[in-house]
Amino acid sequence: MTTATAVAAAPAARPVSVRRVYRFELVKLVSQWRIRLLLLACWLGPALFVAAVGRQSTLPTDTLFGRWMHATGWAGPLVTLGFAGSWALPLLTSVVAGDVFAAEDRLGTWRHLLVAARSPRRIFAAKALAGLTVLLLLVAGLAVSGAVGGLLAVGNHPLVGLDGRLLAPGDAALRVLLAWLCALAPTLALAGIGLLGSVALGRNPMGLLLPALVALVMQLAQMMPLPVGVRLALPGYAFLSWNGLFTGPAQLGPLLIGVAVALAWAAATTLLARLLFLRRDFTNPAHDGSGRRAVALGVLPLAALLAVTVGVLAPAAGGAGSGIGQDKVQRSVATAFAHLYRLQTAELNRPDVTEEQLRATAACDKGSSSVEPEGPGNDWRCVVTWHLPGVDATGTAVYQLDVAPDGRFVADGDGPKEVNGYFLVRTPTGDAPNPLWQFDGNVGLLPDPSKG
Amino acid sequence: MDTLLAVRASGITKCFGDVVALDGVDLEVAQGGIHGLVGPNGAGKTTLLGLLLGLAVADRGSLEILRTPVGRALAAPDGVAGFVDGPGLYPSLTARQNLAALAALRGPGAGTAGIDEVLDQVGLTDVADDRANGFSLGMRQRLGLAAALLTRPRLLVLDEPSNGLDPAGKRHVHGVLNRLAAEGTAVVLSSHRMDDLEALCSEVTILATGRVVFSGPLGKLAAENRELDYRIVTSDPAAARRVAAGTPGVRIADDGAERLVVRAPVPALDELVVRLVGAGVAVRELAPVVSPLEAAFLALTDQPQEDVR
Ligand SMILES: Nc1ncnc2c1ncn2[C@@H]1O[C@H](COP(=O)(O)OP(=O)(O)O)[C@@H](O)[C@H]1O
Ligand SMILES: [Mg+2]
């Protein structure tokens, strides 16, 4: 370098392109053992789990679709999704999104990165994209792994939906894919919360734990008897509402609302994180976040977002009710019973009957007669009545229902023994699982549009 | 002369809340010169270097780097490299990967130096494929320097680069910096020890609590006549002590233990030696307790010598 070149004025700062910074961020992320192990776990774990359950006699019946894991490979990715929604995805977002910014604080590399890349805006974009990429890889791993494990260990068979209907393998596959795509929305919301925590709290471990903590709080909230409007406004609702894809007709309302709310959260949290990031002072090595003001700046708009979504959704969701009414429960139980009855008929090698011929109805009541039959609880009791062609007498069977606040219910058969009182049925080829003994169902929480 | 300045800062003021980190600082760094920035901890060295790197913007004053005025926006002009408060390295990457990632960040055709070349210059070839998380502070400093060299800077900014360096590492670093300067790169480096910079710098700026207390060539600093502490070893310590006590302009500066330390300006010291010899006391050793530069530094920054020694 000669004096002549040195004398010339330097060109103005030329920021590095987002694409290059993105690659730089990916290199850093993937070089971490933690991320490598997570990738491995996500791509292998569900397959091993699903395959192992496929060979065992006990089934994870407390997870949705768990009771069908012996019947079809498509139950595997759904059980994985149920588990992922409550545990794996919040933790993964914590580790990935929560750490992309905090890592630079821990290593004290902010100033280095800033000198190298020259643009905080681009650094933010690149980091958010790199975190998103890794997160998508992890989620894809969970979904694909669960499906592959199930298909290899159990096979490509029809799946029984939450209304008892048989879904052809192709249809089931499509719905599984859609369910995972819907679960991406709340994952993104958690990732946005992770970014925000990571930017606002820096090295403080609270920043890292924020998505997991928020997810836990949301889960607890979903277990409480909240009004439907509030339930739908929580960004994690889509972790549950994918259930609606497996009912007939599909409960798309809550699902779409859940996805939209989650995406709004993802956008809001990411924008806030960006705002905080660009205001930040990079010269102070002792800086572990933008301080209390930043926390307030991050929390207040989100509280406002929650308030607005509740305000918008509450009227549409039918006010302050739980959304679980006698009518809906009766219809859900009767529909599922009719579908599953046909399944049992086929198992027993009896002549097929149609749902129209069965004309199944359910009469459900909750608790003692003095209590209004409304809302979640494990004291629902249903008497199902059905008809058989050419037979005058009607059949009746009793179910005890445990209805969760989010609309999911488990119906437990209470007799008679040969219909739904025992977990096995005697078929010409030996004992087989009784589809009517216990089944999962789902009550749509929104007011039914078909009903005036 | 003007055109040869790599940095021209005047009246730079930077506050953090109530703390005035820099208070009307002027700084001129010649192209091809090695400029030392010295001052006790908290003097504002890191803050000033951060401004040069574009990590922060001054509250007041004007700053021109490589003949480009620095505006309100963050980010320095092209051609500036370096680090403040320790080099930024990613411990999960090897030394080579750290440099490769940086080179890729700048993209092909950005005129980056070869990775092997810079590793060799700082003497890290042997550990090029080791992960940086096992590196000592000295190795990290050298890798940080290599990262800066990668960009072929015309202004190199280093904050306390000699922290943690062993003598061999120091030799490497000094060699690199001298070569860069000879090639026309301006180097600004900071230290809280004057003796660090004596061997390396052509000019120094001494900062104390955000103000410049001296700026100029090292020779000028040393020439300023002031009282220094000297250690004297003689054949008869007790007699020497008596003679020193009776010499005008000489004060005994020790605590009365074995060695004799006196504080005196140079003429008075000369007189003391003459008197000692006249009294039949042989002078075996006479040396300043700290170097004249260090002493000037300590005096200018109001630090008692005893604390630093
Ligand atoms: N980002 C910052 N926020 C608040 N105070 C700071 C910040 N950076 C430096 N300071 C303060 O400015 C003064 C100068 O700091 P610094 O430049 O780091 O000194 P040096 O590098 O000479 O030790 C110190 O009092 C320090 O506490
Ligand atoms: Mg410093």
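Here the structure is a predicted model, which means the values were calculated and not measured. (Residues numbered from 1 in each chain as written. Chains lettered and ligands numbered in written order. Predicted model: local features only at pLDDT ≥ 70, side-chain atom pairs only at ≥ 80, totals over all residues. Heavy atoms only, no water.)

**Here we look at the nonpolar core**
Applicable threshold: We call a set of buried residues a nonpolar core when its members are Ala, Val, Leu, Ile, Met, Phe, Trp, Tyr or Cys and they connect through side-chain atoms within 4.5 Å of each other. Exposure classes here rest on a 1.4 Å probe applied to the protein chains alone. A residue is buried below 20% of its type maximum, exposed above 50%, and partly exposed in between. What counts as a helix is a DSSP run of H or I of at least four residues, what counts as a strand is a run of E of at least two, and both are numbered from the N terminus.
Phe65, Phe246, Phe337 and Leu401 of chain A together with Leu143, Leu155 and Leu177 of chain B are the most contacted members of the largest nonpolar core, which has 220 residues in total. The element best represented in this core is helix H7 (residues 169-201) of chain A, accounting for 17 residues.

**Section: the sheet that holds strand S5 (residues 68-69) of chain B**
In sheet architecture, strand pairing relies on hydrogen bonds along the backbone and comes in two forms, parallel and antiparallel. Residue and element names in this part refer to chain B. We count it as follows: Only when DSSP finds a minimum of two bridges between them are two strands counted as paired. When checking whether two residues touch, look at their non-hydrogen atoms; a contact exists if any pair is within 4.5 Å. Throughout, an axis means a line fitted to C-alpha atoms (over the contacting stretch in the case of helices), and angles, computed between N-to-C directions, take values from 0 to 180 degrees.
Read from one edge of the open sheet, 4 strands run S2-S1-S4-S5, paired in antiparallel fashion. Strands at the two margins of the open sheet, each flanked by one partner only, are strand S2 (19-30) and S5. When strand S1 (residues 5-16) meets S2, the two strands line up antiparallel, connected through 8 bridges. Counterpart to isoleucine 12 in the pairing with S2 is valine 25. Across the sheet, helix H1 (residues 45-52) is in contact with S1, S2 and strand S4 (60-65); its angle to S2 comes to roughly 60 degrees.

**Things to note about the sheet that holds strand S6 (residues 80-83) of chain B**
All names here are of chain B. Strand order in this open sheet of 6 strands is S6-S7-S8-S3-S9-S10, and the pairing throughout is mixed. Whereas interior strands pair on both sides, the edge strands pair on one side only; in this sheet they are S6 and strand S10 (211-217). Averaged over all pairs of adjacent strands, the angle between strand axes in this sheet comes to 15 degrees, irrespective of strand direction. Here strand S7 (residues 155-158) pairs with strand S8 (residues 186-191) via 4 bridges, running parallel. Bridge pairing in S8 links leucine 155 to alanine 186.

**Some details on the pairing of strand S4 (residues 377-386) of chain A**
Residue and element names in this part refer to chain A. Here 6 bridges tie strand S3 (residues 361-366) to S4, and the two strands are oriented antiparallel to one another. Note on S4: the bridge partner recorded for aspartate 365 is arginine 381. As paired strands, S4 and strand S5 (residues 395-403) are joined by 8 bridges and run antiparallel to one another. Residue pairing for S5: valine 384 is matched across the bridge by alanine 397.

**Remarks on the confidence of the model for chain B**
Inclusion rule: Note: pLDDT gives the predictor's confidence per residue, expressed from 0 to 100.
This prediction gives chain B a mean pLDDT of 84; 91% of its residues lie at or above 70. Across the predicted assembly, pTM comes out at 0.82 and ipTM at 0.76.

**Details of the domain arrangement of chain A**
Residue and element names in this part refer to chain A. What counts here: Domain extents, as shown, originate in an automatic or database domain assignment. Two parts placed together each lose some accessible area under a 1.4 Å probe, and adding up what both lose gives the buried area. The salt bridge definition used is simple: a Lys or Arg side-chain nitrogen within 4 Å of an Asp or Glu carboxyl oxygen. For this analysis, a polar contact is any N or O atom pair within 3.5 Å, provided that within protein one partner can donate a hydrogen and the other can accept it, and provided that sequence-adjacent residues contribute only side-chain to side-chain pairs. All amino acids are sorted into three groups, where Ala, Val, Leu, Ile, Met, Phe, Trp, Tyr, Cys and Pro are nonpolar, Asp, Glu, Lys and Arg are charged, and the leftover types, Gly among them, are polar.
In terms of domains, chain A is made up of domain 1 (18-316) and domain 2 (326-451). In this assembly, 29 residues from domain 1 lie in contact with 20 residues from domain 2. Together, the buried faces of domain 1 and domain 2 total about 1800 Å²; carbon and sulfur atoms form 60% of this surface. Summed over the shared surface of domain 1 and domain 2, the number is 1 salt bridge. The salt bridge involving aspartate 440 is made with arginine 67; its shortest N-O contact spans 3.0 Å. In this assembly, domain 1 and domain 2 are joined by 4 residue pairs in polar contact (both at pLDDT 80 or more). Of all the secondary-structure elements, those providing two or more residues to the side of domain 1 that touches domain 2 are helix H8 (205-223), helix H9 (228-233) and helix H11 (252-278). The class makeup of the residues in the side of domain 1 that touches domain 2 is 15 nonpolar, 9 polar and 5 charged.

**Let's talk about the domain arrangement of chain B**
Residue and element names in this part refer to chain B. Domains assigned within chain B are domain 1 (2-217) and domain 2 (228-300). With centres defined by C-alpha atoms, the gap from domain 1 to domain 2 works out at 40 Å. The partner domain 2 presents 5 residues to the 11 residues of domain 1 that form the contact. Of the roughly 650 Å² buried between domain 1 and domain 2 on both sides combined, carbon and sulfur atoms contribute 71%. Contact with domain 2 buries surface across domain 1, with Met194, Glu198 and Ile206 losing the most and accounting together for 58% of the total. If you look at where domain 1 meets domain 2, you find 0 salt bridges. On the surface where domain 1 and domain 2 come into contact, there are 0 residue pairs in polar contact (both at pLDDT 80 or more). For the side of domain 1 that touches domain 2, the elements supplying multiple residues, two or more each, are helix H6 (194-198) and S10.

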